[in-house]
Structure formats: structure tokens, C-alpha cells
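# A look at the structure
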Amino acid sequence: MLSPNPRGSRGRGDDAGQPNDLGRVPPSPLPRRRPLQTVAMLAVAGILVIVGAFALWPDPRPEQTSMPTYTAPVSTAANAGSPDLTSPDLVRLYDADNAVSSFAARVGSRVVGPKQFEVATASGPRSFLLLGAGKDGKPKTYTLPGLARVFGQDVQQRAPGEWIVNRSVVVAKDATLLVSAPSVQQLLLRSDGADYVTITGNRGGLVFEGTAAAPLQVTSFATASAGPDTGVSDGRAYVRTKGGDLAFRDAKVSHLGFLIGEASGVAWMSAGGLPGTGGALRTTFERNYFGAYTSGAVGLRIDGAQFNDNSFYGFDPHTNTREILVTNSSALRNGRHGIILSRGCDDNIIENTVSSNNGGSGFYIDDGNPDRSALDPSDRNVLRGIRAENNGAAGVIVEGGQDNHVLGASLQNNVDGIWVKDRATGTVISDSTVTATARTGLRFGTGSDRAQVTGTTVSGARTGLLIADTQATALAQSSLLASSVGVRLVGDVTGTSFEEVTVSGSGSAAVNDGESSLHGSQLAGLDTSAWVYIDQPSWRANVVSQVLLPFAFLVWTIILLPPLLAFVPSVRHRRREQARLRQPPHSPGW
């Protein structure tokens, strides 16, 4: 007879791992499936179902029919902030400067020699030095050493070659102020907030001249900091001509100006029917509000100039400026556009000039009216042999105007290559290259009819060519390499023609003309044989692949990792138990 179990009755599983009445060790029960594992699998399955449904659901997006408008960033690196153009204080300062200029224009022709005047203005009395003609009305040239002998504290030599002007100077008709080396190597214009100095050529002449080895330094001077005035919110010294001649040779002009236009730093202005004339040779304009500005200037010659690190524009030939020639120059790192011809600027030439790393476009031909209410287009301008690189907007924009030319341009790493828009008619683009463009290589829109493109290469643009609501565009002997769409036609593009135009690259369409009025037979001049067609994923597919699937993987990992970590020791324990059961039975000992 078998002996009763001395330990009494046990619950289910209580004898696990203990010898039974036959001397055998019963196997341990298998671990139960844990509820957490079930929950994890259900959760993952639910996520996958949602992801799949989202991916397969029809994409409701409409076909995009126009490109988005790009707003260029504004650099704040060049100067300490921008002024409030509606500030009454700044307006009063500007009006006071013009009151002085108007008074000088009335009396200047009657003044002989240098004299000091005071004029009542809205900002209080303003005193200034007026330089008139010589005896018997003969032309007279003034120098800083000569003025120091007459006006004492108003014009001083601080150190050998270093001069400071403490009172505004106006140069009248038949007079010239000559600031030149070697007697003057640095010119400081006092600039203490609203109490700042201006030098104005009011029908008179201004000459600033250094040497190639030692350029003349012209800058503002803040008494408190004993250095340049870097603020623009309370006024700052500047230089301008109004109906006179202003010339810079081998100079460096910096930290001038505080408002758009003639108070922006250095300005050539017309007055009384007389244009601003002169120019700049081997001169740097840097850290001004505008590098330089013109209005009504004629025939300026700018060669070897640098317009760098200015708060707003690099160089802004403005209203009715014509027949200027800019050569071998640069506009770098300016807050907005590098060089902009704006509002009625005709027959100007910019040649062999670089514009790069600006907040806006490299080169801009503009009608000057953002609200489109009163257009004043700029016509017959030529950009020849220019380079535009790494700008925040387009390499070149032609907005309005007729018969503007872009010849032999090299444009790289801009948002758009060349953008012709807003009824800019008869634009000619030839022998140019557009590379590594973020958006569109060549872009024509909004009535910019009769454009001609020849011998031009686009490489590395998302869209090689976009023509929207523009007629009679002609492309010949050109090539387009794009990564999404080779040619896109939108709206009324009647009369568009292609001759020996190669379209290559890869993407959803070599030619997307479904939104246009053009027929297939009119595309015969396009060679698309090298195009590789790739279906572009919809936005839903991008969301699934780039957002939901990584999210699902993360959730899966978080849910399953703890059960998996617990499951591995359980398997090891089961294997040890199975190995023990395979051993011979233990002797009961009786």
C-alpha cells in the first residue's frame, strides 16, 4: 500500500516540481499567456489598420495651378534695426534737412564765398555752412583745411589725416568741396542722434578721393561711443547731391543714412530740372542703410564698386534714373535685393557684376508700384555677364517694362533662376545658365508676352520652365534639366513655341500642359526622350511614410518590448524543466 501524502491535500499546481506518489516529478505547468501581450498585439493591429486606410483613401487635393509667392527674408546683421518710416520724429528730421536744402537753393546763387546760415524748421533752428561761388561768380573749390581756417570748431583736424565735420555743409552752384588724400585720409561726420551732419551738393560739386593703396574713409561719428553711429532709429549722417555732381574715387563709405531714399546713406538726386551726375570708382559702400541710391540721375559711371552688408538694398537706382553704367562691381550680403532698378529707370547697363547672399533677389528690374495702381515701368535695361548666387529670392526678376535683356548671366543656388512677370513684355534672355535652383529655372507669368529665350541652360531646378497666362514665349536652342516637371504650362499661353529645346531629368511629367491652351502639335520642338518618368507620391503617402509608419514603429516598440523581455526568461525556465524530466526516476528509497 502506498503511504498517504503526509503534506495533506494541495491545490492545483501545488505539487509542481515535487515527487508524486509514484516517485515521478510532474512537469511544471506552462506559463499562461499574459493579458499585456494580447493588448499589445491588438493595439499594433489597430494602428496598422488606420495607417493602411489613410494611405488607400483617395487624395482630395486639387492640382496646383500657380506657384506660391516667395517673401524674401530681411537680414538684420548689417545695422542695428530698421527705422519706423511713419515716425513723426524721423519725418521732422527729414523735413528739416529739406528746409535747409530749399533755402540754400534760393540763396546759393547769390552767395559769394563760405558763409554760415541758420534756418527755422519744424525741428527747431538748423545752422549750416553754405559754400558759394568765388569772387565775380567764378567757380571755386573748397578743402577741409581751408574751411577749418574760416569756421574753427565746425571743421577740425583731430589727428594727422583725420578730420571731423561738426556742422552740416551745403555746396551751392559754381562751388566744389574737394575731400582728398593725402591731407584727408579719414572724414568723420558727427552723428549724435537727431543732431547729425549732412553734406549736400545743391547744384554744386562733391569729390571724395583717396588712393588705391589707402582709400579715403568716410563715416559717421558718434561722440558718446567715439566710433561709427550704428543706430538708425533717431537719424544718422549722410551724403547727397541735388542737381549736382558727386564723385567717389578710391573711397570706403560706411555707417551712413537712416531712411529710404535720399537720406539712406549716399544719394544722387535731381533738382530743379538738373540731374544728379558723377559716379564711383573703386569705392566700397558698406553698412549704410542703403548702400547707395539715385533718383533722376543720368550717366553715372560705377566701376569696381562694392555694395556690401547694407541694411536694405545694396544699390538702388530709382525714379527716372537713366543711362548709368555699372561694371566690375558687387552687391553682397545686403538685407534685401542686391541691385534694383526701380520705377522708370531706362537704358541702364549692369555688366560683369556679382550679386550674392542677399536677403531678396540678386538683380531686380522693377516698375516700383507694389499695389499695381500707377505703373512706372523700367525699359531697355541690359544685364550682361552678371552672376547671382545664394540669394533669398530669384537670381533675376524682371517686373514690368519692355525690352529688357539678360545676356550671358550665371545664376546659381537661388530660389528661382529668372522670373519675368507683371506685363514685362519683349524680355530677351540669351546664353545664360541657371543651376541648382530650389524652385523654378525660368518663370514667365501674368502677361509677360513676347519673351525670347535662346542658348540658355537650366540644370538642377525642381521645375525647369513655367509659363502662366503669358503669350508668344519663344524658346530655342536651350536645355532644361529638372527633378519634378520639365515644362509646365498654365492658362492662356497662345503662341508659345519651342525649337531645339531638350528636356531631361526625372519626375512626374516632362511636359505638364493639361492646364493650358496649348495643343500637343505645338510642343513638337521639345525633345523629351531623355526624361525618366517617376510617379510623385501624394501628400498622404508622404504623411504615411514619413510620419505614421515611424510613429507606429515607435508605439509597437514601446508596447512589445516589456512582454518580450519577460518572455525570454520564461522560455529558458521551460527548457530547464523539460531537461530535468528526461532524467531517470528518483528511487523512492523503500
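Per chain, the residues get numbers from 1 upward, laid out in the order the sequence is written. At least 70 in pLDDT is required for a residue's local features to be given in this predicted model, at least 80 for side-chain atom pairs to be given and counted, and no such filter applies to totals for whole chains, interfaces and linings, which use all residues. Hydrogens are left out, water is left out, and the side-chain values use all remaining heavy atoms of the structure.

## Section: the overall build of the protein chain
Selection rule: For the purposes of this entry, the term helix denotes a DSSP run of H or I that reaches at least four residues, the term strand denotes a run of E that reaches at least two, and both are numbered from the N terminus. Relative accessible area decides the class of each residue, using a 1.4 Å probe on protein chains only: under 20% of the type maximum gives buried, over 50% gives exposed, and in between gives partly exposed. We call two residues in contact when some of their heavy atoms are within 4.5 Å. Using a 1.4 Å probe, the Shrake-Rupley method yields the accessible areas, and only the shown protein chains count as cover for residues.
Looking only at helices and strands, the protein chain features four helices and 44 strands. Counting over 590 residues, the protein chain shows a buried share of 49%. Here the analysis covers contacts within the protein chain between residues at least 6 apart in sequence; of these, 60% occur between residues at least 24 apart. Summed over all atoms, the accessible surface of the protein chain reaches about 27,400 Å², with 55% contributed by carbon and sulfur.

## Considerations on the packing of aromatic side chains
In plain terms, the rule: The pairing test for Phe, Tyr and Trp rings, Trp by its six-membered ring, is centres within 6.5 Å, and the orientation test on the planes gives stacked under 30 degrees, edge-to-face over 60, and tilted for anything in between. Whether a charge sits over a ring comes down to the Lys NZ or Arg CZ being within 6 Å of the ring centre and within 35 degrees of the ring normal.
The tally for this structure, following the rule as stated, stands at 17 aromatic pairs. On the numbers, 5.1 Å between centres and 15° between planes, the contact of F290 with F312 is stacked. With F290 in the loop between β18 (284-286) and β19 (292-295) and F312 in the loop between β21 (306-308) and β22 (315-317), the pair connects residues that are 22 residues apart, well separated along the chain. Take F312: its relative accessible area is 12%, and that puts it in the buried class. Three or more aromatic residues joined by ring pairs make a cluster, and in this case those are F208, F248, W268, F285, F307 and F315. The positively charged end of R126 is found above the aromatic ring belonging to Y196, 5.8 Å away from the centroid.

## A look at the side chain of T427
Take T427: it is sitting in the loop between β34 (416-421) and β35 (428-430). Using a relative accessible area of 2% as the deciding quantity, one classes T427 as buried.

## Quick word on the pattern of salt bridges
A side chain with one charge can pair with a side chain of the opposite charge if their charged atoms come near. Filter applied, for reference: Just to be clear on terms, a salt bridge is a Lys or Arg side-chain nitrogen sitting within 4 Å of an Asp or Glu carboxyl oxygen.
This structure, assessed with the given rule, holds 18 salt bridges. For R126, the salt bridge is made with D97, and the minimal N-O distance between the two is 2.7 Å. With a gap of 29 residues between them, R126 in strand β2 (residues 124-131) and D97 in helix α2 (residues 88-107) connect regions that are remote in the sequence. Judged by its relative accessible area of 4%, D97 is buried. Among the salt bridges present, the one from E162 reaches R158, with a minimum N-O distance of 2.6 Å. Given the relative accessible area of 44%, R158 is considered partly exposed. Shared partners join several salt bridges into a network, and the residues in it are R190, D192 and D195.

## A few points about the nonpolar core
The condition is simple: The term nonpolar core refers to a set of buried residues drawn from Ala, Val, Leu, Ile, Met, Phe, Trp, Tyr and Cys, joined through side-chain atoms within 4.5 Å.
In this structure, L144, L177, F208 and F248 are the most contacted members of the largest nonpolar core, which totals 85 residues. When residues in this core are grouped by element, the largest group, five residues, is from strand β40 (residues 474-491). Among all residues touching L144, those that are not within four sequence positions of it are V155, W163, V165, L177, L178, V179, V184 and L187.

## Quick look at the side chain of N288
Note the cut-off: Here a polar contact means two N or O atoms within 3.5 Å. Within protein one must be a hydrogen donor candidate and the other an acceptor candidate, and residues neighboring in sequence count only if both atoms are side-chain atoms.
As for its placement among the helices and strands, N288 is situated in the loop between β18 and β19. Looking at N288, its side chain comes within polar contact range of the main-chain nitrogen of H255, at 3.0 Å.

## Brief notes about the environment of A305
Tracing the chain through its elements places A305 in the loop between β20 (301-303) and β21. With relative accessibility at 1%, the residue A305 sits in the buried group. Considering only alpha carbons, one finds A305 and N328, 23 residues apart in sequence, at a separation of 7.3 Å. Apart from residues lying up to four places away in sequence, A305 is in contact with T283, N328, S329 and S330.

## Concerning the pairing of strand β15 (residues 251-254)
Note the following rule: When DSSP finds at least two bridges between two strands, those strands are taken to pair.
Judged from the four bridges that link them, strand β12 (residues 216-221) and β15 form a sheet pairing that is parallel. If you follow T219 over to β15, its bridge partner there is S254. By the bridge criterion, three bridges tie β15 to β18 in an arrangement that is parallel. Counted as the bridge partner of S254 is E286 from β18.

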